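Architecture and fold: a report
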Amino acid sequence: MTTLPNQRHLFDIPDDIAYFNTATMGPLTKASVEAGQNGLARKLHPWTIPDTEFFADTERLRPLLAELIGADTDGIAFSPSASYALATAARNLPLSKGQEILLLEDQFPSNVYTWRELAKHTGASIRTIGAQDGETLSDALLAAIGPETGLVTCAHVRWTDGALLDLTAIGKRCREVGAALVLDLTQSCGALPFDVKDVQPDFVAVTAYKWLLAPYATGFLYVAPQHRNGVPLEQNWITRQGSSNFARLIDYTDHYGPGAQRFDMGERSNFALLPAFESAVRTVLDWGVSNIHETLSARNAALADQLASLGLHCLPQAERGGHYLCPLLPENAPDDLTARLKEANIFISRRGDRLRITPHLFTTDSDIERFIAELAHHLAA
């Protein structure tokens, strides 16, 4: 692993902007914007777009997405959102009355509502897991998985506090009891190493506009081999065998393209978003996810020490994602703290009683110094 130098030159972030909000929305690189603009410009002259263009972008991008998570290319499907990907998983995971669906306390809503609906239709029950004093979130979830568990669904890091889940251990335990495992890696893919071969999940949902620095409404779904003959949410033309032959599309077929392609969203051939998405993923892969994690972990460890000196304490480094800082706010913290920081061009978010501080490779020492100074000022007021 290598510590990466600052990459701000690749972004259009003015010197007076301190952006610590990647977990809400990662900025596009200038190269991704140019790729998206060039892709969109194809529609200025649609008569120049050959039929092969409906397939070329996805054929280049699918193996890159597989590389991000150590998967095979056939396991990747295109999805516009986490909710779409999770709904696809839910449609292909039959549960029965008496089985439990395990959720985490304070889990992201899209990864809750989907399973409430599945429970309602199958008779399964939902059990929400939280950590007790002295217990990690992983320990709590592992202890809850048992013979009645039909499904475990969680993230790699919890979005409200950055708590890290031991997905390898959780995957192993799920296999021991015959439970399915569905993951939402939106808050980790691109910044935290993950390999499907180690975890062996049934489905993995990823929304790409955060840590993958891609456009909004881009993402993907990983489907394990045992589910690739399942039922997609949509019945669209482009996922069928022979769809590249436009002259014979009326030769209707019940046969799909290979692997997980049947689960691709409709209109997957987005001429503007896919080139920008591809550019973003190539940038992340060029940096190396392990290198990104190593770099952000070191910088955030130092930042966590500075926050602690102000009375803001994060989870211990071993219990959180290295790219994530979510210190508890002291009681005297002003309710409008994030708004005050915004007035100084410092952008962070608040989730409950925690600040969510998520810098990236574009964050400079100057950004951190200004942030700490402004934060100290408002907490002392």
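Now for a description of the structure that goes with this document.

Reading the values: the criteria
Residues numbered from 1 in each chain as written. Predicted model: local features only at pLDDT ≥ 70, side-chain atom pairs only at ≥ 80, totals over all residues. Heavy atoms only, no water. Helix = DSSP H or I, 4+ residues; strand = E, 2+ residues; numbered from the N terminus. Buried < 20%, exposed > 50% of the residue type's maximum accessible area, 1.4 Å probe, protein only. Contact = heavy atoms within 4.5 Å. Polar contact = N/O pair within 3.5 Å; in protein donor to acceptor, adjacent residues only side chain to side chain. Phe/Tyr/Trp six-rings, centres within 6.5 Å; stacked < 30°, edge-to-face > 60°. Pairing = 2+ DSSP bridges. Right-handed = clockwise from strand over helix to strand, strands pointing away.

You can see T24 is positioned in the loop between β1 (18-19) and α1 (30-41). In this structure T24 comes out as partly exposed when scored by relative accessible area, which is 27%. Ignoring anything within four residues of it in the chain, the contact list for T24 reads Y209, K210, S349, R351 and R356. Among the polar contacts made by the side chain of T24, one reaches the side chain of N21 at a distance of 2.9 Å.

This brings us to the packing of aromatic side chains. Each aromatic ring pair is summarised here by two numbers: the centre-to-centre distance and the angle between the ring planes. Applying the stated rule across the entire model yields 12 aromatic pairs. Taking the centre distance of 5.4 Å and the plane angle of 75° together, the rings of F54 and F271 count as edge-to-face. Within this pair, whereas F54 is found in helix α2 (residues 53-68), its partner F271 is found in the loop between β8 (219-223) and α8 (273-287), the two being separated by 217 residues in sequence. Taken together, a centroid distance of 5.5 Å and an interplanar angle of 90° make the contact between W237 and F246 edge-to-face. Taking the relative accessible area as the measure of exposure, F246 reaches 26% and is therefore partly exposed. What links up through ring pairs into an aromatic cluster is the set F54, F55, W237, F246 and F271.

Take the pairing of strand β3 (residues 100-104) next. With respect to burial, β3 is a largely interior element, five of its five residues being buried. Residue alternation in β3 divides its side chains into two sets, E100, L102 and L104 and I101 and L103, and both sets are buried. Where β3 meets strand β4 (residues 125-129), five bridges bridge the pair, whose relative direction is parallel. Looking at β4, one finds that I101 is bridged to I126. A crossover links β3 with its parallel partner β4, the connecting element being helix α4 (residues 110-122), and its sense is right-handed. Bridging between β3 and strand β5 (residues 149-155) involves three bridges; their strand directions are parallel. For E100, the partnering residue across the bridge sits in β5 and is T149.

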